[in-house]
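Survey of secondary and tertiary structure
The primary structure of each chain is shown beneath.
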Amino acid sequence: MCSTAFTGLGRGQAKALGYPELPIAVVPHPFGIRTRDELRRLAREIVDDIARLLCEPALQDTPVVAGRLPSDGRAARVEAPEDLEELNRFFVGRRWSDGLPAIPPTPERVARMLHHTRRAPDEVVSMIAPAYGAATVERIAINAVLAGCYPEYLPVLIAAAEAVAAPEFNLQGIQSTTNPGAVWLIINGPIARRLGVNSGNNCLGQGSWANATLGRALRLVLQNIGGGLPGELDRATQGQPGKYTFCCAENEEANPWEPLHVERGFAPESSTVTVVPPLGTWNMNTHAKDAGDILRVIADTMAFPVGSDYVYGGGAPWLVLSPEHAHILKRDGLSKLEVKRRLWEQSKLAATRLSAKDFARVQNGRRAELGEITRDTMLPISPRPECIGIIVAGGPGTHSVYMPGSGYTRSAVTREVVLAD
Amino acid sequence: MAGSMVVLDPVAPERNEQQQSRRALDGLTGKVVGFIDNGKPNFNHLVDDLAELLVSKHGVASVVKHRKRGSVPVPDAVLKELSAQCDAVITGSGD
């Protein structure tokens, strides 16, 4: 059953998963505002249709081919206009682009990029939800060329394509939700310096080729391989600017604690990419100069009633601490884990601040984690303090960034970047 | 095409191999129907009403309900249990 606005998603997803004839009963959207009497009437109106659909034979009897991988051969060669303006109209017409001008993925450019991995062009790196298209090495390279990536960026994108497909990331939820989740790439280790990924001033803004094109390339992978086309399988109500591109490195030199990849079990000399699906970015400008004061204002920023993590639980909110804030916290004797513990404790939200429907959702969604939830319950932002993610990035200044989590993703995912040489 | 060039297609082909034929039920009398409630407001009420009508009007033997947590997938163990218990399962998508 789908509400009308989601029927296309249901149909597209059923087809992508190999069940093109799955019957779908449709109910009017938005559904949640109907009164109890309206729902009773609706049930009476549709029950016969549902009974009929359950008993209606499929149009054709197709043999079972469970377990078979989709076509993962080499990419098709397509004839396109040579003129730059015409070529970009061609890209837009085929919905290959994100709306910005793109670089033509000629066989020569793609071949140059493929030199930067030892993996075979037709090797399937992962299957990208919600259409579950096969992310072959070649297909990742084609999208990287379209986005403007330099050839040596390819290993980062292969690692990113692996990371987003990890089950705990729940890419299916991220790509097809009405939420505005964008996939943020955090680069750690020597590769960040080698590729010139900005970790300093304006690292989440414009101006760095590596940040801009790496984030953009992953978006094109999600759209062209994963089928996340706006208004189709991507159901975002508004989306957010981070869906064009969202990538930075951690400022490891200015980080007084262990860097993210070491915290997550990788060797300091390894290079990694971490994927996170924030719902947005929120600047926190505070001139507080002691740990207690800084943590209080950050925790207050985190605690707002429509932060999805409070409603869903299980999520992972993130913070980008400025080097200045991080140094004050470290100077006052706090480890990164202690910072997380204090923020988790201090950002608890009184359940009474939620709307009635959101409160009901919390009661349903977080009962297993928190037991019986009443209006007096203080809701933690995530199941455990360790679920709060922290990196140190940016240049001088008293600004840190809060990124609310899409609570349906339990964890960020980190993968090592494997170089050809 | 005048002034043309060759580019490589960035789009993954659709997974169009049918995985499994859908089995239609030979009537609903005596059958067990499952619902996976997506946890969105009101869907639980519609599930309750449909369950009642499927039993009273269409002879369904029983209805099994699972309410899931927002956009988080149903755990594999629950899916296995539902497919063992039920002749058909109805899921919900949307708001």
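Treat the numbers as computed from the prediction; the structure is a model and nothing was measured.

This brings us to the overall build of chain B. Secondary structure summary: chain B contains two helices and four strands in total. In chain B, the order of α-helices and β-strands from amino to carboxyl end is β-β-α-β-α-β. Computed over its C-alpha atoms, the radius of gyration of chain B comes to 20 Å, more than 25% above the 12 Å expected for a compact globule of 95 residues. Reported as C-alpha extents along the three principal axes, the dimensions of chain B are approximately 70 × 30 × 25 Å. Across the 95 residues that make up chain B, the buried fraction comes to 32%.

Moving on: the overall build of chain A. When its secondary structure is counted, chain A shows 16 helices and 15 strands. Here the C-alpha atoms of chain A give a radius of gyration of 23 Å, agreeing with the 22 Å that 2.2 N^0.38 yields for 421 residues. Projected onto its principal axes, the C-alpha coordinates of chain A cover approximately 70 × 60 × 40 Å. Scored against the burial criterion, the 421 residues of chain A give a buried share of 49%. Excluding contacts between residues fewer than 6 apart, the proportion of contacts in chain A whose partners are at least 24 apart in sequence is 81%.

A few words on the pairing of strand 13 (residues 389–392) of chain A. All names here are of chain A. Side chains Gly389 and Ile391 of strand 13 all project onto a buried face; the interleaved residues Ile390 and Val392 project onto the opposite face, where all are buried too. Where strand 10 (residues 318–321) and strand 13 come together, four bridges link them in parallel fashion. Bridge pairing links leucine 321 to valine 392 in strand 13.

This brings us to the domain arrangement of chain A. All names here are of chain A. Domains assigned within chain A are domain 1 (2–55), domain 2 (84–277) and domain 3 (282–403). Placing the centre of domain 2 and that of domain 3 at their C-alpha centroids yields a distance of 27 Å. With 16 residues of domain 2 in contact, the opposing surface of domain 3 contributes 14 residues. Residue composition of the side of domain 2 that touches domain 3, grouped by class: eight nonpolar, six polar and two charged.

Here the focus is the nonpolar core. All names here are of chain A. One finds Ile128, Ala144, Leu157, Ala160, Leu185 and Val275 to be the most contacted residues of the largest nonpolar core, which totals 137 residues. Among the elements that take part in this core, helix 6 (residues 154–164) stands out by supplying nine residues, more than any other. When neighbours within four sequence positions are excluded, alanine 144 is seen to be in contact with Met113, Cys149, Tyr153, Leu154, Leu157 and Ala217.

Another point: the interface of chain A and chain B. At the interface, 80 residues of chain A touch 48 residues of chain B. The dominant element in the side of chain A that touches chain B, judged by the number of residues it contributes, is helix 2 (residues 36–55) of chain A, at eleven residues. Across the side of chain A that touches chain B, the residue classes tally to 46 nonpolar, 18 polar and 16 charged.

Residue and element names in this part refer to chain A. Read across the open sheet, the four strands follow the order 7-6-8-15; overall the sheet is mixed. In this open sheet, the two strands that pair with only one neighbour each are strand 7 (247–249) and strand 15 (413–416). Averaged over all pairs of adjacent strands, the angle between strand axes in this sheet comes to 20°, irrespective of strand direction. Sitting on the sheet, helix 6 touches strand 6 (184–188), strand 8 (272–276) and strand 15, and the angle it makes with strand 8 is about 40°. Here helix 9 (residues 209–225) sits on the sheet in contact with strand 6 and strand 7, set at roughly 130° to strand 7.

All names here are of chain B. On average, residues of chain B carry a pLDDT of 89, and 91% of them reach 70 or more. Across chain B, element-level confidence peaks in strand 1 (residues 4–8) with a mean pLDDT of 97 and bottoms out in strand 4 (residues 88–91) with 93. Here the predicted complex carries an ipTM of 0.91, next to a pTM of 0.92.

Next up on the list: helix 15 (residues 356–365) of chain A. Residues and elements named next belong to chain A. Considered for burial, the residues of helix 15 that qualify are Phe359, Val362 and Gly365. Burial along helix 15 is one-sided: seen end-on, the buried residues are contained in an arc of 135°. Each element contacted by the buried residues of helix 15 is listed here: helix 12 (308–312) and strand 12 (378–379).

With that out of the way, let us pick up the environment of A:Pro28. Residue and element names in this part refer to chain A. If you trace the backbone, proline 28 turns up in the loop between strand 2 (26–27) and helix 2. Residues proline 28 and arginine 41, spaced 13 residues apart in sequence, show a C-alpha to C-alpha distance of 13 Å. Each residue touching proline 28, except ones within four places of it in the same chain, is listed here: Ser3 and Thr4.

With that settled, consider the environment of A:Pro383. All names here are of chain A. Relative to the helices and strands, proline 383 is located in the loop between strand 12 and strand 13. What makes proline 383 partly exposed here is the crowd of 17 C-beta atoms within 10 Å. Measuring from C-alpha to C-alpha, the distance between proline 383 and arginine 342 comes to 14 Å, with 41 residues separating the pair along the chain. Aside from chain neighbours lying at most four places away, what touches proline 383 is Gly313, Gly314 and Glu369.

Looking now at the packing of helix 5 (residues 137–147) of chain A against helix 6 of chain A. Residues and elements named next belong to chain A. In the contact formed by helix 5 and helix 6, the axes pass within 10 Å of each other and the chain directions differ by 120°. Between helix 5 and helix 6, the angle falls in the class oblique. For the crossing formed where helix 5 meets helix 6, the hand is right-handed. Here helix 5 contributes Val137, Ile140, Ala141 and Ala144 to the contact with helix 6, which in turn contributes Leu154, Leu157, Ile158 and Ala161. For the contact of helix 5 with helix 6, the per-class residue count stands at eight nonpolar, no polar and no charged.

Turning to the packing of helix 4 (residues 107–114) of chain A against helix 5 of chain A, a few remarks are in order. All names here are of chain A. Between helix 4 and helix 5, whose axes approach to 9 Å, the crossing angle comes to 115°. Between helix 4 and helix 5 lies a crossing of right-handed hand. The residues of helix 5 that touch helix 4, namely those facing Arg109, Val110, Met113 and Leu114, are Val137, Glu138, Ala141, Ile142, Ala144 and Val145. The residue makeup of the contact of helix 4 with helix 5, split by class, is eight nonpolar, no polar and two charged.

Cut-off values and rules
- Residues numbered from 1 in each chain as written.
- Chains lettered and ligands numbered in written order.
- Predicted model: local features only at pLDDT ≥ 70, side-chain atom pairs only at ≥ 80, totals over all residues.
- Helix = DSSP H or I, 4+ residues; strand = E, 2+ residues; numbered from the N terminus.
- Rg over C-alpha atoms; globule rule 2.2 N^0.38 Å.
- Buried ≥ 20, exposed ≤ 12 C-beta atoms within 10 Å, placed from the backbone.
- Contact = placed C-beta atoms within 7 Å.
- Pairing = 2+ DSSP bridges.
- Domains from an automatic or database assignment.
- Nonpolar A, V, L, I, M, F, W, Y, C, P; charged D, E, K, R; others polar.
- Core = buried A, V, L, I, M, F, W, Y, C linked by C-beta atoms within 7 Å.
- Axes fitted to C-alpha atoms, helices over the stretch in contact; angles between N-to-C directions.
- pLDDT = per-residue confidence, 0-100.
- Arc of directions from axis to C-beta.
- Parallel < 35°, antiparallel > 145°, perpendicular 65-115°, else oblique.
- Left-handed = near helix turned anticlockwise from the far one by under 90°.

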